[in-house]
Each structure stands twice: as C-alpha cells, then as structure tokens.
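The residues making up each chain are set out below.
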Amino acid sequence: MRKLATCLLLLCAAPAFAQLQLTITSGVTDPIPIAVVPFERAVPADGGIDVAAIVQRDLESSGRFKAMKRTDMLSRPTTASAVDVLAWKQQRNDYVVVGRLTAQPGGAVTVEAELVNVLTGQPLPLGKKWTAGPGKLRNAAHKVADAVFEAIIGVRGAFATQIAYVSVDGQPPKQRYQLIVADADGEAPQVILERERPIMSPAWSPDGSMLAYVSFESKLSAVYVQNVRTGQRSRVSARAGINGAPTWSPDGKKLALTLGGSGGNLDIYLLDLATQQPRRLTDDPGIDTEASFTPDGSAIYFTSDRSGNPQIYRLGLAGNEKPKRVTFTGAYNARPRVSPDGKQLAVLTLDDGAYRIGVQDLASGTLSVLTKGRQDESPSFAPNGAMVILAGRQGGKGVLQTISIDGQTSLRLNADAGEVREPVWGPYLP
Amino acid sequence: MKRFLSTAVLVASFALLAGCPKPPDVKPEAPPETTANTTGADNSGATAEDADAAGPSGELLSKRIVYFDFDRSDIRADSQSVVAAHAAYLAKNPGQKVRLEGHADERGSREYNIGLGERRGQAVRRAMLLQGVAEAQLTTVSYGEERPAVAGSDEQAYAMNRRVEIVYLK
C-alpha cells in the first residue's frame, strides 16, 4: 500500500502538461548593469511571490541587462530616497530598482516601484502604482518590468503579456495535442484545450480575451473561437473541405480564414462573426492562405503559390483591388505576420536550403534573415514590435524561441516533455 | 492479482481525478446556424455518422495509402492500380463512403502544407470521380504535416509522410 501511495504521489507530481524552461541564448555585448533590490514584502498577502526576482528575470531575459547578485548587495533599500547612490555606483551598477508591497483590503496587493539612475543620481519616474487582485501579483511584477524596460530602453517591455502555443506528446500516429496559454516567460501555463487529433493555428483576438484555432476533433477541420478565461467556445466554420488559418480583424469583429470547399481550392474569406456570413477575398486556382491584417485593417498580406512557389501578396480591402506580390527574395516565402506598427513583415523564408524566419521592411522591400535554424517556423510579433517569437527545432524536437528584430538578443523556451510549436504572442492587456 | 490491479487502477484514477490539476472541461457549444454557405455542404454532422470501418479486403483493396513525390500531387504510376481498385469497388458499392486524408511532410509552413495535403487528396478524389465514383461517396480532409505516419526529419520519413490515406466509413 505504501508503494501505491508513493506511485500516486509521483503521478500527481508529474506535470499534466509541458512546462517551459527559459534559456538566454544570446544577449547584447554590453548589457546594462542593474540591481533589483528585494521589495518590501506584504506578508501573507503576497503569497510568497518574490516580485523583485520576477522583475530581475524579465529584465535579464531581454538580453539587454545584467543584474547584480543579491548576495553582493551591501544594503537593501526599499525607497529611492534610501538608495546610497555612490555605494551602488561603486559596485558598478548603472541603475537600481527598489519597491514595496502593501496589502489592501480583500486580498489585493499594491506594488510601488522606483528606478534610480545611479550615474546621475536621479530617480526615473515609472509613472504609477500597480494594484494586483488575488492571484495577479505575478502579472503586476511583469508590469513593473515593462515600465523599467521602457524608462531605460525607450520601448515598452512585453513581459506582462501572454503567449499561446500548441504542445504535442506521444509518438505518431498516436499523439495528444494541447492548446496552452502561458505568461510570456513561459510561467503559469494553462491547458485550454486537449484533443487526440491535431489542434493548430491559434490566433489571439485583439483584446486578448479569445483564441481562434483549428481543431480536427471531428476528423475534419473546423475553426473555433474560445474565451481563454471562461473556456466557453463556439464553432464558427465547419464548411466542406478545409477550414483553416484564422486571424482576427483589428476591430475583433471578423475573422479572415482559409476555406477550400469540396473542390479543394483554397482561398481567403472574411467571416463576419455576428452574422456568420463569409465574404470571398481571393479567387485563384492556386493555394491562397495565411492571411494577416495590417494594423488599420485596410489590407491583408497572405501566402499564395499562384506564381508556382509560395510567395507573399498584399490585398487592399477597399474594393476591386488586385493582390500585389511583395516578396521577391528566395523561392519560398510564407506565413506573413505584419508588425504592430505596420512597417514590417515577419515571414518563413527558404534561406540557403533551410527554413528560417526573416523580417522584410515593407517600404524598401529588403528581407533580413533573423534565425539560423534548419526548420524555423510560425513567427509572431511581440506587441511592442521589438521581438518575434517562433518555433524551431532542437534535438529533433520542437522548441520555442524569441529573437529581437535587430537579431542581437534571443532566448529559448524548451518544453520539459513532448514538443511545443506554433507560438503566438498575445496583445497588451488592459 | 488481476482484481488487485484493477482496484489499484480504479483507486489511482480516482486519486488522479481528485488530486491533480485538470484542464477545464471544455464543452463545445452547438454550432451557430450557417445561413450562407458559399463553399458547399456543411461538415458539422460528420462525426456521428462517419465512424471508420474496416472496409474491403484483397491484394489491392487492403492497400489504403497512396504515396507522393516531393512537392507533387500527381498519382505515381506505382499507385494507379491501388486507386483504380478502390474506385472500382466504390463505383460498384454506391452506398459506401470514404474519407480521403491528405498529408504533407514537415518542411515549410503548416497552413501551406494543409494546402499541399489537400491537393493530394483532391488528386485521388478526381481520379476516383473519373472512374465512376459519385461525389457524395467522397470527403476530403487535409492534415498537412500535423499527423505524420512516422517520426523523423529525413528523406525516408518525409517519403512515408507525403500520402493520402483512404479511410472507409461505416
């Protein structure tokens, strides 16, 4: 009986799904030295969460910061006025982050944080306090990191965001597919759907509350939309043939998707979610798929092999426009994703015999290859436009990676079991 | 012993149910009414009626997989007889339905590979239609690279995964 109990304990301890492990694979040559001092705690309201440690890990994961070890800290101030600027400067820091937590009625916790530039002695305003309801303190810590990153680098951080991805376990042809939502650092994963047939092509709604995806649970393809928090979902397209590649219009009211019909000619349609009416956007005997909207919703970019090989085309939606080809570098360009500022396109490109992620500047048409893998795929921009998350392979298994669009910093998110693929970076949440 | 094991399994399952975190039970809602359908019949009734069946046997008829060359969707000479045998059987048995499952190898974009798998399924479908099979007997689905027959990232695995599976339905 004791054996059985131990075995049960082990079974329970094993994660029900893959947990991601984050590794920094490349950073800038001169990372900014920063000290993130442990915040004044609010016991027990903070639930033991070490806010400063989360802020520090976020900043270091960007590849742009190098944090001081806590054991090297000679003092532990919690307010900017208590920071001995000279002492921290002598220990070769450029910046110090301090802060404190305060318990609020009802289990909420308020986080106050301050940033001091010890080279100038000036505090840098972070602008606000963050109040986290029960269970939301981790998210508030990521928001502090976003603000610190913006105050120093000049670009809003994307730490307080979520990613969705598909996790696959087991050997073909018997595999198990999960759709998972996690914090951008891979923590706090939640399985929102689990099926024995493939799940693919997750896409975030603009407000971050819903995911659209393709599921083959009926043995045929269908597009679903699901509320990430309540789990409530509805099937929005289960037409004959292919139902695939959903992507939300910027107003969140429509989905662009790929339909094939019983004759199998893949074209892109615009599905009004309220009326369920699809409107045809492309009409070509080749494969047209993988639509991505411009931020203003006035055009889509999509993959088409109408010229023989897959290339990217742009279609203005004002009416009577014809698709225009935009990629001319290389024999294979697919899976376009428009950057949040609408100026760049992340694509899957065949480069020197390998499938890699490239970023094309839309004004000049110049394509720069960002990654070095053999089978990189599924690029998705962070909401600040500074990073791309993608799927790569390591040791024959799918892993996730993020890379800054200047190519300088990258990190890897390995699953501890099975493989992970098709990451999509969610929007900033209110 | 057997009894002990099954009890243990039962106990274990209960303990698992009680003690382990479980993904939320996601209940699909009824599909919304689709009024306009520009691309043909709705597939939403597919699950219940389309249980897979063993299908016919015979030297050619027991072969259910048609393989394809890289980036091609034309039926190779060595597979023509297999497709013809199934087409002849289906033409003689108009009540029998099959699902043609198209697949691609893992290289390239996932959704584009859905398109490539569909092209292969359609190639088999057209060949069968030409040989007298009725449209209503044939459904295509493309799994792209999502359901490989074998694992691996080499030419041998790719060749096994570029395929159409002919699945007989009940």
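Residues numbered from 1 in each chain as written. Chains lettered and ligands numbered in written order. Predicted model: local features only at pLDDT ≥ 70, side-chain atom pairs only at ≥ 80, totals over all residues.

**Describing the overall build of chain B**
- The secondary structure content of chain B amounts to 5 helices and 4 strands.
- Going from the N terminus to the C terminus, chain B shows its helices and strands as α-α-β-α-β-α-β-α-β.
- Put simply, of all contacts in chain B between residues at least 6 apart along the chain, 73% involve residues at least 24 apart. (Helix = DSSP H or I, 4+ residues; strand = E, 2+ residues; numbered from the N terminus. Contact = placed C-beta atoms within 7 Å.)

**Here we look at the overall build of chain A**
- What chain A contains, in helices and strands, is 4 helices and 31 strands.
- Judged by the C-alpha coordinates and their principal axes, chain A covers about 70 × 65 × 45 Å.
- Looking at the 430 residues of chain A, the share that counts as buried comes to 49%.
- A fraction of 45% describes how many contacts in chain A between residues 6 or more apart in sequence connect residues 24 or more apart. (Buried ≥ 20, exposed ≤ 12 C-beta atoms within 10 Å, placed from the backbone.)

**Remarks on the pairing of strand β31 (residues 419-425) of chain A**
All names here are of chain A.
- The buried fraction of β31 amounts to 7 of the 7 residues, a majority that puts the element mostly inside the structure.
- Here strand β8 (residues 162-169) pairs with β31 via 5 bridges, running antiparallel. Along β31, the bridge assignment pairs I163 with W425. (Pairing = 2+ DSSP bridges.)

**Concerning the domain arrangement of chain A**
Residues and elements named next belong to chain A.
- Looking at chain A, the domain boundaries give domain 1 (28-153) and domain 2 (162-425).
- Taken together, the contact between domain 1 and domain 2 spans 9 residues of the former and 7 residues of the latter.
- Elements represented by at least two residues in the side of domain 1 that touches domain 2 include exactly α2 (51-61) and α4 (137-153).
- Element by element, the count of residues in the side of domain 1 that touches domain 2 is highest for α2, at 3 residues.
- Split into classes, the residues belonging to the side of domain 1 that touches domain 2 amount to 1 nonpolar, 4 polar and 4 charged. (Domains from an automatic or database assignment. Nonpolar A, V, L, I, M, F, W, Y, C, P; charged D, E, K, R; others polar.)

**Section: unusual backbone geometry**
- Cis rather than trans, the peptide bond between V43(A) and P44(A) has omega equal to 0°.
- Positionally, P44(A) belongs in the loop between β2 (32-36) and α2.
- A positive phi angle is found at E290(A), which is not glycine, with a value near 60°.
- Structurally, E290(A) is set in strand β19 (residues 288-293).
- For E290(A), a count of 32 C-beta atoms within 10 Å puts it in the buried group.
- Its identity is not glycine, yet D71(B) carries a phi of approximately 60°, on the positive side.
- With respect to the secondary-structure elements, D71(B) resides in the loop between β1 (65-67) and α3 (77-92).
- The class for D71(B) is exposed, based on 12 C-beta atoms found within 10 Å.

**Section: the nonpolar core**
- Residues V51(A), V55(A), V96(A), V97(A), V144(A), V148(A) and A212(A) are the most contacted members of the largest nonpolar core, which totals 125 residues.
- Take this core: its biggest share by element is 9 residues, from α4(A).
- Looking at which domains feed residues into this core, each of domain 1 (28-153) and domain 2 (162-425) of chain A supplies at least three.
- In this structure V96(A) touches A35(A), V37(A), V83(A), W88(A), V116(A) and V118(A), once residues within four positions along its chain are discounted.
- L100(B), V124(B), V133(B) and I166(B) belong to the second-largest nonpolar core, a separate cluster that totals 15 residues. (Core = buried A, V, L, I, M, F, W, Y, C linked by C-beta atoms within 7 Å.)

**Considering the sheet that holds strand β25 (residues 354-361) of chain A**
All names here are of chain A.
- With antiparallel pairing, 4 strands are arranged side by side in an open sheet as β23-β24-β25-β26. Since the sheet does not close on itself, it has two edges, and those belong to β23 (333-338) and β26 (367-369), each with one partner. Neighbour to neighbour, the strand axes of the sheet diverge by 30° on average, direction disregarded.
- Bridge count for β23 against strand β24 (residues 344-351) is 4 bridges, and the pairing is antiparallel. Residue V338 lies in a different strand from β24, and its bridge partner there is L345. (Axes fitted to C-alpha atoms, helices over the stretch in contact; angles between N-to-C directions.)

**Points about the confidence of the model for chain A**
- A residue-level look at chain A finds 96% of positions with pLDDT of 70 or above and a mean pLDDT of 93.
- Predicted confidence is poor over residues 1-15 of chain A, with pLDDT under 50, and the contacts of this stretch with residues over four places away or in other chains come to 7 contacts. (pLDDT = per-residue confidence, 0-100.)

**Looking at the environment of R125(B)**
Residue and element names in this part refer to chain B.
- On the secondary structure map, R125 appears in helix α4 (residues 110-130).
- The class of R125 is buried, set by 24 C-beta atoms lying within 10 Å.
- Each C-alpha atom, one on R125 and one on T139, is 8.3 Å from the other, the two residues being 14 residues apart in sequence.
- Not counting residues up to four positions away in its chain, the partners in contact with R125 are L100, L138 and T140.

**Thoughts on the sheet that holds strand β15 (residues 243-248) of chain A**
All names here are of chain A.
- Strand order across the open sheet formed by 4 strands is β15-β16-β17-β18, with antiparallel pairing between neighbours. Whereas interior strands pair on both sides, the edge strands pair on one side only; in this sheet they are β15 and β18 (278-280). Neighbour-to-neighbour, the strand axes of this sheet turn through a mean angle of 30°, independent of strand direction.
- Examined bridge by bridge, β15 and strand β16 (residues 254-259) share 4 bridges and lie antiparallel to one another. Residue pairing across strands places T247 opposite A256, the latter belonging to β16.

**Details of α4(A)**
All names here are of chain A.
- In this model, α4 (17 residues) spans 24 Å end to end at C-alpha, consistent with the 24 Å of a helix rising 1.5 Å per residue.
- Of all 17 residues that make up α4, 12 are buried, and the element is covered over most of its length.
- Those residues of α4 that fall on the buried side of the exposure criterion are L137, A140, A141, H142, K143, V144, A145, D146, A147, V148, F149 and I152.
- Of the surrounding secondary structure, the elements contacted by the buried residues of α4 are β2, α2, β4 (95-103), β5 (109-117), β7 (130-132) and β9 (176-183).
- With its phi angle positive at about 90°, G154 sits one or two positions after the end of α4. (Expected span 1.5 Å × (residues − 1).)

**Concerning α2(A)**
Residues and elements named next belong to chain A.
- Summarising burial for α2: 9 of the 11 residues are buried, a large majority.
- Buried within α2 we find V51, A52, I54, V55, Q56, D58, L59, E60 and S61.
- Two residues or fewer past α2, G63 is found with a positive phi of approximately 80°.

**A look at the environment of G27(A)**
Residues and elements named next belong to chain A.
- With respect to the helices, strands and loops of the structure, G27 is situated in the loop between β1 (20-26) and β2.
- By the C-beta count within 10 Å, which is 19 here, G27 ends up partly exposed.
- With near-sequence residues (within four places) excluded, G27 lies in contact with G63, R64 and T409.

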